[in-house]
Amino acid sequence: MTRLVEVEADAPSASEVDRRTFCKLLGGGIVVLVTGGSSELSAQQRGYPEDLNAYLRIAEDGRVTVFSGKIEMGQGVHTSLAQMAAEELGVELDAITMVMGDTDLCPWDAGTWGSLTTRMFGPALRAAAAEARAVLLNLAAERLGVAREHLVVSRGVVAVRDDAARKVSYGALARGQQIARLVDHKAVLKAVQDFEVMGRPTKRLDAGDKVTGKAQYAGDLHRPGLLHARLLRPPVHGATRTSLDLSRPKAMPGVVVVEDGDLVAVLHADPEQAEAALAAVDVRWSRPEPTFDTESVGDYFVKNSAPGEVRVEKGDVATVLAASRAAGVPVFASTFRTGYVAHVPIEPHTAMAEMLDGRVVVSAGTQTPFGAQARIAQALGIDEKSVRVLTPFVGGGFGGKSAVGQAIEAARLAKLTGRPVMVAWTRAEEFFFDAFDPAAVVKIASALDREGRISAWDYHVYAAGTRAAEVLYDPPAARVTSSPARGASSTLHPFAVGPWRAPGAGTNVFARESQVDIMAAAGKADPLAFRLRNTSDARAQRVLRTAAEAFGWKPGVGPTGRGQGLAVGIDSGTYCALAAEVVVDRATGAIRVVRVVAAQDMGLVVNPAGARLQIEGCITMGLGYVLSEELRFRGGEILDTSLATYTIPQFSWLPQIEAVLVKNDELSPQGGGEPAIVPMGAVIANAVFDATGARLFRLPLTPERVKAALGG
């Protein structure tokens, strides 16, 4: 039974100060909190996702405000979270107001990544909304003088079941009830068959503002006296400054020059004048000698990696492989490679900071507002309570806006100058300071038995970790090794690597699903039939069959010349199978992706329209790392500094995309932001093999590499 603790908003208990202040700030209404325990929110350990919490406020006018530490960066959670709250409360969707990423008003949150919004915060929010509905039903029972079981809720109104004229609105019940209610157990949630808002295609609530230009991002903000900052940057990672002369920018009208330890900046009310002042800085650097580059990175990793850590081990792989070789049974050894991939969000890292009433207030495009708050406080040597971070709409993140360097820089400069400061990274800075999807090498040795089943699977990944590297198929002997262990891989890389829409997962599935296709072709088996025969995973079988049926898969032993491919992956609790058709120009090596069908099992789907948009976005973005995106570098020097040389997907590249949502309402909602991008490398490479007979082992599949594989 759910325990309900009622706390008067003006109670004097010192342990309830933060909660009391929060309620006073909101004014009248009912505030419901869901936490992982009964301790006060201010003292909770920040252990996301174990420590979940949510705020809901039902106001005197009946409107419901949801406070979430998550942020909206185009993935659609602004809408799906509102759907969850509306469903459990029993109100219309347009009665919900979302407040997201405000460190003063929202419960602490680790950040928005890995589809944790839907999987982890969503259940807490639904529980809060369900509990709020229970609270309101109790209040209505008292007001109407009937037992609670005789009441029904519809569109924010509680009525007597057989006497609709006797009713009271949520707003009337909430009026003057300035109380907080704490929930520490899961409330009873609505059954799927009773859904009226969840599970239905819903237009994005933020769409109108975004298509009309009304929506504001960090770079749209302005304050009187605002200064635009340009910062001195090293030419390469690892460079050290040997001399600095700031006399020329200091002599320029209206330019403010700041030199504070490692921070050297020029500021002006006009961003172009700030850029001119930066060009006037006289600086000299010492550059380190490069040890490897775009082409030699794979060899460097294999040679310099730490000893591997075995993550999965079943049976004796070495013995089975040796026995297969001795018996003349096919053994397949392959090496796959991928390069660094940049995030390239449409909005570069941007933040505006100002000093207000003794506090630093920073509006930033970030996936981690609370992380930004802590890091800003640390950088300025002040208490976290003296820092407020606000997160407007974020123009794309894909994991790349987990770092908050621009917010720290803006805060430092605002404090030093005493004026509002805007820091907006240029595209060159965006490339330089990016935390890339890691370059990697995967070596696989596998074998088939005489019945055409996978008998051994020895998988070794270098420098990218084991996300999505699960075996998936059913060999009796299997081993998955990672070199070095995840978390230590940064020592291999000359610059930052980190979250990139399922970091490393695209590499791992590219390698695994390509290897599976290699074995299917060698065993004279249809790629679909081979996969189905070799996996007992029911969800994997289901998405594979669904994708094949929707695609109109024609069985055949590759290469058939038809240019069709299959691949399946798992990420964020979701299974996704892709089927694709490609056309390859043998003269130029150019690949044209004609069609991609995705079948995705993501459990209970909150917003089918939003889920399909996410799938389409994954496939579109995936075309980049598959066909063109690979950061060029030499040691710590980033050679790609603009979109003139780093090619992202073009509108003309887009294939016909069909997204099929596989019904699985028995499973709680799973992630949708990453799964469909993960198998893209594999499905296109497999389709290229089917079209041409050429097997490619390195992403991206550039025309030059395709021609080389074709022998041209």
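Residues numbered from 1 in each chain as written. Predicted model: local features only at pLDDT ≥ 70, side-chain atom pairs only at ≥ 80, totals over all residues. Heavy atoms only, no water.

1. Some thoughts on the overall build of the protein chain
Across its full length, the protein chain holds 18 helices and 29 strands. Relative to a compact globule of 712 residues, whose C-alpha radius of gyration would be 27 Å, the protein chain shows 28 Å and is just as compact. A principal-axis box enclosing the C-alpha atoms of the protein chain has dimensions of 80 × 80 × 45 Å. Burial status across the protein chain gives 58% buried among its 712 residues. Long-range pairs, those at least 24 residues apart, make up 76% of the contacts in the protein chain with a sequence separation of at least 6. Side chains of the protein chain carry 75 positive and 79 negative charges; the gap between the two charge centres is 2 Å. (Helix = DSSP H or I, 4+ residues; strand = E, 2+ residues; numbered from the N terminus. Rg over C-alpha atoms; globule rule 2.2 N^0.38 Å. Buried < 20%, exposed > 50% of the residue type's maximum accessible area, 1.4 Å probe, protein only. Contact = heavy atoms within 4.5 Å. Lys, Arg positive; Asp, Glu negative; His and termini not counted. Charge placed at Lys NZ, Arg CZ, Asp CG, Glu CD.)

2. Comments concerning the pattern of salt bridges
A pair can form between side chains of opposite charge whenever their charged atoms are brought close. Tallying each qualifying case throughout the model produces 36 salt bridges. Arg-388 serves as the salt-bridge partner of Asp-104, at 3.4 Å between the closest nitrogen and oxygen. On the criterion of sequence distance, the pair formed by Asp-104 in the loop between β5 (96-100) and α3 (116-144) and Arg-388 in strand β19 (residues 387-390) is long-range, its members being 284 residues apart. For Arg-388, a relative accessible area of 23% puts it in the partly exposed group. A salt bridge links Arg-233 to Glu-429; the nearest nitrogen and oxygen atoms lie 2.7 Å apart. (Salt bridge = Lys/Arg side-chain N within 4 Å of Asp/Glu carboxyl O.)

3. Focus: the packing of helix α10 (residues 369-380) against helix α11 (residues 405-417)
With their axes 9 Å apart at the nearest point, α10 and α11 run at an angle of 40 degrees to one another. Between α10 and α11, the angle falls in the class oblique. Where α10 crosses over α11, the handedness of that crossing is right-handed. Residue-level contacts link Arg-375, Ile-376, Ala-379 and Leu-380 of α10 to Ala-407, Ile-408, Ala-411, Arg-412 and Lys-415 of α11. Broken down by class, the residue content of the contact of α10 with α11 amounts to 6 nonpolar, no polar and 3 charged. (Axes fitted to C-alpha atoms, helices over the stretch in contact; angles between N-to-C directions. Parallel < 35°, antiparallel > 145°, perpendicular 65-115°, else oblique. Left-handed = near helix turned anticlockwise from the far one by under 90°. Nonpolar A, V, L, I, M, F, W, Y, C, P; charged D, E, K, R; others polar.)

4. A look at the sheet that holds strand β23 (residues 477-483)
Taken together, 5 strands build an open sheet; the order of strands is β15-β23-β22-β21-β16 and the sheet is mixed. Strand pairing shows two members of the sheet lacking a second neighbour, β15 (309-314) and β16 (331-338), which therefore form its edges. Sheet twist, expressed as the average angle between the axes of neighbouring strands with direction ignored, equals 10 degrees. The pairing of β16 with strand β21 (residues 440-448) spans 8 bridges and is antiparallel. Note on β21: the bridge partner recorded for Val-331 is Ala-447. Packing against the sheet, helix α8 (residues 297-304) makes contact with β16, β21 and β22 (454-462), and its axis sits at approximately 75 degrees to β21. Of the strands in this sheet, β16, β21 and β22 are in contact with helix α13 (residues 505-522), which crosses β16 at around 150 degrees. (Pairing = 2+ DSSP bridges.)

5. Comments concerning α8
Of all the positions in α8, only Val-297, Gly-298 and Phe-301 are classed as buried. On an axial view of α8, the arc spanned by its buried residues comes to 105 degrees, and they lie on one face. Every exposed residue of α8 that faces more than 90 degrees away from the buried side is listed here: Asp-299 and Lys-303. Considering only its buried residues, α8 is in contact with β16, β21, β22 and β27 (633-634). (Arc of directions from axis to C-beta.)

6. Quick look at the nonpolar core
By size, the foremost hydrophobic cluster in this structure holds 107 residues, and its most contacted members are Tyr-340, Tyr-459, Val-582, Ile-591, Met-680, Ile-684 and Leu-701. Per-element accounting of this core gives the leading share, 9 residues, to helix α16 (residues 608-627). Setting aside its immediate chain neighbours within four residues, Val-582 contacts Arg-562, Gly-563, Ile-591, Arg-592, Val-593, Val-594, Ile-684, Ala-687, Val-688 and Ala-691. Counting residues in each nonpolar core, the second largest holds 46 residues, with Ala-82, Ala-129, Ala-172 and Leu-604 among its members. (Core = buried A, V, L, I, M, F, W, Y, C linked by side-chain atoms within 4.5 Å.)

7. A few points about the sheet that holds strand β10 (residues 227-231)
The strand order across the open sheet formed by 7 strands is β12-β13-β10-β20-β17-β18-β19, and the pairing between neighbours is mixed. In this open sheet, the two edge strands, each paired with only one partner strand, are β12 (256-260) and β19. Sheet twist, expressed as the average angle between the axes of neighbouring strands with direction ignored, equals 25 degrees. In this sheet, strand β18 (residues 359-364) lies alongside strand β17 (residues 350-356) in antiparallel orientation, the contact comprising 6 bridges. Within the sheet, the bridge partner assigned to Met-355 lies in β18 and is Val-360. The sheet contacts of α10 involve β18 and β19, and relative to β19 the element is tilted by about 145 degrees.

8. Focus: the domain arrangement of the protein chain
How big an interface is tends to be reported as the loss of accessible area on association of its parts. According to the domain assignment, the protein chain consists of domain 1 (3-212), domain 2 (218-282 + 349-424) and domain 3 (305-340 + 436-709). With 23 residues of domain 1 at the interface, the matching set in domain 2 holds 19 residues. Taken over both partners, the interface formed by domain 1 and domain 2 buries close to 1,600 Å², and the fraction arising from carbon and sulfur atoms is 55%. It is Met-73, Thr-103 and Asp-104 that lose the most area in domain 1 upon contact with domain 2, and together they represent 35% of the buried surface on that side. (Domains from an automatic or database assignment. Buried area = accessible area lost by both parts, 1.4 Å probe.)

9. Thoughts on the packing of aromatic side chains
Counting across every chain of the model gives 18 aromatic pairs. Look at Phe-292 and Tyr-300: their rings are 3.9 Å apart centre to centre, the planes differ by 25 degrees, and that puts the pair in the stacked class. On the numbers, 6.3 Å between centres and 65 degrees between planes, the contact of Tyr-340 with Phe-436 is edge-to-face. Remark: Phe-436 occurs in the loop between α12 (427-432) and β21 and Tyr-340 occurs in the loop between β16 and β17; sequence separation between them is 96 residues. (Phe/Tyr/Trp six-rings, centres within 6.5 Å; stacked < 30°, edge-to-face > 60°.)

10. A look at the packing of helix α2 (residues 77-89) against α3
Relative orientation of the contacting elements α2 and α3 amounts to 30 degrees, with a least axis distance of 7 Å. Here α3 runs roughly parallel to α2, going by the angle between their axes. Crossing geometry of α2 relative to α3 is assigned as right-handed. Every residue of α3 that contacts α2 at Val-77, Leu-81, Met-84, Ala-85, Glu-88 and Leu-89 is listed here: Thr-117, Thr-118, Phe-121, Gly-122, Leu-125, Arg-126, Ala-129, Ala-130, Ala-132 and Arg-133.

11. Some details on unusual backbone geometry
Of the consecutive residues Ser-483 and Pro-484, the connecting peptide bond is found in the cis state with omega at -15 degrees. A cis amide bond links Leu-699 with the next residue in sequence, Pro-700, at an omega value of 0 degrees. Relative to the assigned elements, Pro-700 resides in the loop between α17 (680-692) and α18 (703-709). The backbone phi angle of Val-344 is positive, close to 50 degrees, even though this residue is not glycine. Within the secondary structure, Val-344 sits in the loop between β16 and β17. Phi is positive for Lys-524, close to 55 degrees, though the residue is something other than glycine. Mapped onto the elements, Lys-524 comes out in the loop between α13 and α14 (527-534).

12. Describing the side chain of Thr-294
You can see Thr-294 is positioned in the loop between β14 (282-286) and α8. Of the residues examined, Thr-294 reaches a relative accessible area of 11% and is grouped as buried. If sequence neighbours within four positions are ignored, Thr-294 has contacts with Arg-337, Glu-630, Leu-631, Arg-632, Phe-633 and Arg-698.

13. Concerning the state of the cysteines
Evaluated as defined, the whole model comprises 0 disulfides. Cys-576 carries a free sulfur, and the closest cysteine sulfur to it, the one in Cys-618, is 7.9 Å from it. On the basis of relative accessible area, Cys-576 is assigned to the buried category, the value being 0%. (Disulfide = S-S within 2.5 Å.)

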